[in-house]
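Notes for the structure review
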Amino acid sequence: MGKFHSSVSRRDFMKGLGLAGAGLGVAASASPVFHDMDEVMSSGASRKLPWYINEREAENLTVEVDWDKKERYDKRKFTVVSPAEAERRVQIQLDNIKAKWTTPNTGMTAKDYAFFAGSASDAIGAGVPLTKGDATLMYTFGGTTQPGGYNYKQLGLPRWSGTPEENLKMVTAVLRFWGAHDVGAHEINEKTQKVFYSADPAGRPYTFADVDNASSDSNHACLIPNKAKTVLTWVVPMSRVGQYSAPDGFNILNKVSMGIGYSMGDIIQNRILSFLGALGYLSISRNCGGMNVAHGNLAGLGEHGRTDYLINVDYGANVRYTDFVVTDLPIDDSLFQTFKNPFTFPFGLDASGNAFLSPAFADAAGLVTPDDYGIPRWQGTPEENAAMYRTAVRICGGRETHFLPLDEKTIKLVSAAKGGKPIVFEDVDLPYTDATKCVIPNKCKYAAITMVGQEPVTTKNHAPDFGGTFGAHQAYSMAAKIEFMLRAFMRGIGYLDVFGATEINVPWGIVSGLSELSRMKSGMNPKVGSLFRKCVIGLTDMEFPVSKPIDAGMHRFCYDCGKCAEMCPAQAIVKRDVLREPTWEITSPDNPTGNPTNLKPELFNRPGKRVWPFNHFACHNLWVETASDGCGRCQGLCVFNNFHLSSIHPLVKTTVSVTPLLNSFFYNADRLFGYGELPESSREDFWLKPDKYLPITGFKNY
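Residues numbered from 1 in each chain as written. Predicted model: local features only at pLDDT ≥ 70, side-chain atom pairs only at ≥ 80, totals over all residues. Heavy atoms only, no water.

Focus: the overall build of the protein
Helices and strands together make up the secondary structure of the protein, namely 20 helices and 19 strands. Here the protein holds 702 residues, and the buried ones make up 59% of them. Counting contacts in the protein only where the partners sit at least 6 residues apart, residues at least 24 apart contribute 78% of the total. (Helix = DSSP H or I, 4+ residues; strand = E, 2+ residues; numbered from the N terminus. Buried < 20%, exposed > 50% of the residue type's maximum accessible area, 1.4 Å probe, protein only. Contact = heavy atoms within 4.5 Å.)

Below, the structure is given as structure tokens:
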């Protein structure tokens, strides 16, 4: 076969259709050059296990399971606290916020809350608004006094205040965290106002005026406040998956790269708008009429090229665009230096609407199906299907995907209800939900289980403070985006991919061999330890080869470790000296931690498995009472997160997989070397020393 494959075959067109139509995800770090989807699929997307990991028989896990006792979980039974308890928690939260809002190194300052507001935004399919304002502070809602929650103004707290130099480092840190490359800024003055359009296509003017906030109406495309003196701008790179075109000048993968760039741009734009608004400053989007290439040139992000695009020093012309916002936050552009972010992207938007209805999302995105063209849907062997799906996952930003059949055992992992409605399987063509039930087609016979990565730096260095949740919220946001893109991709090649029917994701990863169960009740993966956020599970009518459980010695290591339990500030994890081996029993209602008056462990413990009991109520109680919105200390300090930190660690990993004799020794060595534990003084390094732990995004697509 020649150097270039035919880039317009029906095979390429069908695969590219789903990818380009949804503006799919992200390319892997240091992406190779691909000329069509066949090259992408053959680039190593199949499952590869290191030699020392044993593959077990299907549904034979390292954690013992009595499948006859397992039942589908009904989330309608989940613990709900009383109104009085909810108000008590809110008042504790408010006291914490007020005490730490302006105190350095608490991980709960004004900028930390603003960072959360940005990382947790925005709705799938939402456009970019003109501006955003104050955000409701996490866990201040749900009480009886003010059920809708509080923002910082309502609590009488000051907005963020920093020097222009501090502000520059702060916005650079968050933009790089969200996937931007170079970051810059320039002043708005009588000269630079000329790189804003004078009017929109309808003839409405863009006007600078003495107003408090930006606005748009039938007479004005945008009124821009004169007090907004800064343009903050950044580079949105373009995926290299379609960098080179075929000799005829066309390559549908180039359209995939463009879709990635535009989708990524909207994500970052929405997040920085939320961040600046939550800080208490103006946040005016690109909809104010600025010319993005000109702003990038003025801020020193590149130079103007013959193609009329910005040329960046690292990416050349392979930049989708330079995006920007207008703000009154003082930023010292005279001391600006560009910070380099490797080609890895956090990717995400929060779920909105009914994620259960995959065709509705695909149709809303304007995605066509094979039926629309009058052509057959994609056909491949189970192995080809798996390679193609894994390739799409990588482009979307996921890590690793395994597959399971839906049989009499694994169907018990599907939730029994969603949103107060039972989930049922019926002989229908498409999934749907109505006033009484959620319906999955019986033809969905397989589950695709995809690992969603989590940025490790903030989790390892900041938990249990508020800063330790930044990576988690970004990962949840990314998971929703991955689900959206995979739904669109599968719809585009003629198949279903139904998400939202599996509220409990950890068992799917364990049964499919993505992970083993830990003492802290989360999954542990041989490559990244516990530092992944979750698995997203798509139920589909595409046939896949079956993945099997693994034994890498990780579950067995938990017998002799217990580090997570020792470090747990909520005492929610059972300690090694209390219970070395797992048990068939569940958490006792007499457990002394976590407000026993509300403890109903039968509602959050599922019988039928031999595990270490976990007090979910005590864990969640710590979140809301400390205003941390999650902790993650157990996850960040797990010994299996450290295997990349020293050349000796691969040897440790292989030893653990074949014998438990040295487990206690390895645990004590982990404690001796102090892995995962940093002094409080280092918490500001994320904001003030952005090169110390970067790349912040920290994602690789395996």
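Thoughts on helix H12 (residues 470-492)
Taking 1.5 Å as the rise per residue, H12 with 23 residues should run 33 Å; its terminal C-alpha atoms sit 33 Å apart, in good agreement. Buried residues dominate H12, accounting for 22 of its 23 residues. In the segment just after H12, Gly494 is the residue with positive phi, at about 100°. (Expected span 1.5 Å × (residues − 1).)

Focus on the packing of helix H3 (residues 83-100) against helix H16 (residues 616-626)
In contact at an axis separation of 7 Å, H3 and H16 are set at 50° when each is read in the N-to-C sense. Of the possible angle classes, the one that applies to H3 and H16 is oblique. Contact residues: H3 offers Glu85, Arg88, Arg89, Ile92, Gln93, Asn96 and Lys100, while H16 offers Phe617, His620, Asn621, Val624, Glu625 and Thr626. Taken together, the residues that form the contact of H3 with H16 break down as 3 nonpolar, 5 polar and 5 charged. (Axes fitted to C-alpha atoms, helices over the stretch in contact; angles between N-to-C directions. Parallel < 35°, antiparallel > 145°, perpendicular 65-115°, else oblique. Nonpolar A, V, L, I, M, F, W, Y, C, P; charged D, E, K, R; others polar.)

Focus: helix H4 (residues 110-119)
Counting buried positions over the 10 residues of H4 gives 10, a clear majority of the element. Every buried residue belonging to H4 is among Ala110, Lys111, Asp112, Tyr113, Ala114, Phe115, Phe116, Ala117, Gly118 and Ser119, and all of these are buried.

Considerations on the packing of helix H10 (residues 382-396) against H12
As a packed pair, H10 and H12 sit with axes 10 Å apart at the nearest point and diverge in direction by 140°. On the basis of their axis angle, the class for H10 and H12 is oblique. As H10 packs across H12, the resulting crossing turns out to be right-handed. Residues Met388, Tyr389, Ala392, Val393 and Cys396 of H10 form the contact with H12, whose participating residues are Ile482, Met485, Leu486, Phe489 and Met490. Grouping the amino acids of the contact of H10 with H12 by side-chain chemistry returns 10 nonpolar, no polar and no charged. (Left-handed = near helix turned anticlockwise from the far one by under 90°.)

Focus on the pairing of strand E11 (residues 421-426)
Two faces make up the sheet, and in a regular strand the side chains alternate between them. Across 2 bridges, the pairing between strand E10 (residues 417-418) and E11 is antiparallel. Within E11, the residue paired with Lys418 across the bridge is Lys421. Pairing analysis gives 4 bridges linking E11 to strand E13 (residues 438-441), with the strands arranged parallel. If you follow Val424 over to E13, its bridge partner there is Val439. (Pairing = 2+ DSSP bridges.)

Observations concerning the environment of Ser512
Of note, Ser512 is situated in the loop between helix H13 (506-511) and strand E16 (516-517). Residues Ser512 and Ala447, spaced 65 residues apart in sequence, show a C-alpha to C-alpha distance of 9.5 Å. Within the structure, the side chain of Ser512 is placed 2.8 Å from the backbone oxygen of Trp508, a separation counted as a polar contact. (Polar contact = N/O pair within 3.5 Å; in protein donor to acceptor, adjacent residues only side chain to side chain.)

Observations regarding unusual backbone geometry
At Lys521, a residue that is not glycine, the phi angle is positive and equals roughly 75°. Assignment of secondary structure puts Lys521 in the loop between E16 and strand E17 (523-524). Exposure remark for Lys521: the relative accessible area of 17% places this residue in the buried category.

Details of the nonpolar core
Where a protein is soluble and globular, its nonpolar side chains tend to be buried together. Core analysis: the biggest nonpolar cluster contains 47 residues, and Phe115, Leu232, Trp234, Ile272, Phe275 and Trp687 have the highest contact counts within it. Every element with two or more residues in this core is listed here: H3, H4, helix H5 (164-177), strand E2 (183-187), strand E5 (230-237), helix H6 (252-279) and helix H20 (685-688). Broken down by element, the residue count for this core peaks at 9 residues, all from H6. Those residues in contact with Phe115 that lie beyond four places of it in its chain are Val174, Phe177, Trp178, Phe275, Phe470, Phe686 and Trp687. Core analysis: the next-biggest nonpolar cluster, separate from the first, contains 28 residues, Ile449, Val498, Ile537 and Leu539 among them. (Core = buried A, V, L, I, M, F, W, Y, C linked by side-chain atoms within 4.5 Å.)

A closer look at the packing of aromatic side chains
A full pass over the atoms with the stated rule returns 13 aromatic pairs. For the pair Phe115 and Phe177, a centre-to-centre distance of 5.0 Å together with 75° between the ring planes defines the contact as edge-to-face. Of this pair, Phe115 sits in helix H4 while Phe177 sits in helix H5, and the two are 62 residues apart along the sequence. Note on Phe115: relative accessible area 0%, which makes it buried. A relative accessible area of 0% places Phe177 in the buried class. One aromatic cluster is present, built from ring pairs that chain together Phe115, Phe177, Trp178 and Phe275. It is Arg159 that lies over the ring of Tyr281; its NZ or CZ is 3.8 Å from the centre. (Phe/Tyr/Trp six-rings, centres within 6.5 Å; stacked < 30°, edge-to-face > 60°. Lys NZ or Arg CZ within 6 Å of the ring centre and 35° of its normal.)

A look at the sheet that holds E10
The strand order E10-E11-E13-E12 describes an open sheet built from 4 strands, whose pairing is mixed. Each end of this open sheet is capped by a strand with a single partner; those strands are E10 and strand E12 (432-433). Alignment of E12 against E13, held across 2 bridges, turns out to be antiparallel. If you follow Tyr432 over to E13, its bridge partner there is Val439.

Topic: the sheet that holds strand E8 (residues 319-327)
The antiparallel open sheet is built from 3 strands, whose spatial order is E2-E5-E8. Edge positions in the sheet fall to E2 and E8, since each has one partner strand and no second. The average undirected angle you get between the axes of adjacent strands in this sheet is 25°. By the bridge criterion, 8 bridges tie E5 to E8 in an arrangement that is antiparallel. Directly across from Pro237, in E8, lies its bridge partner Val319.

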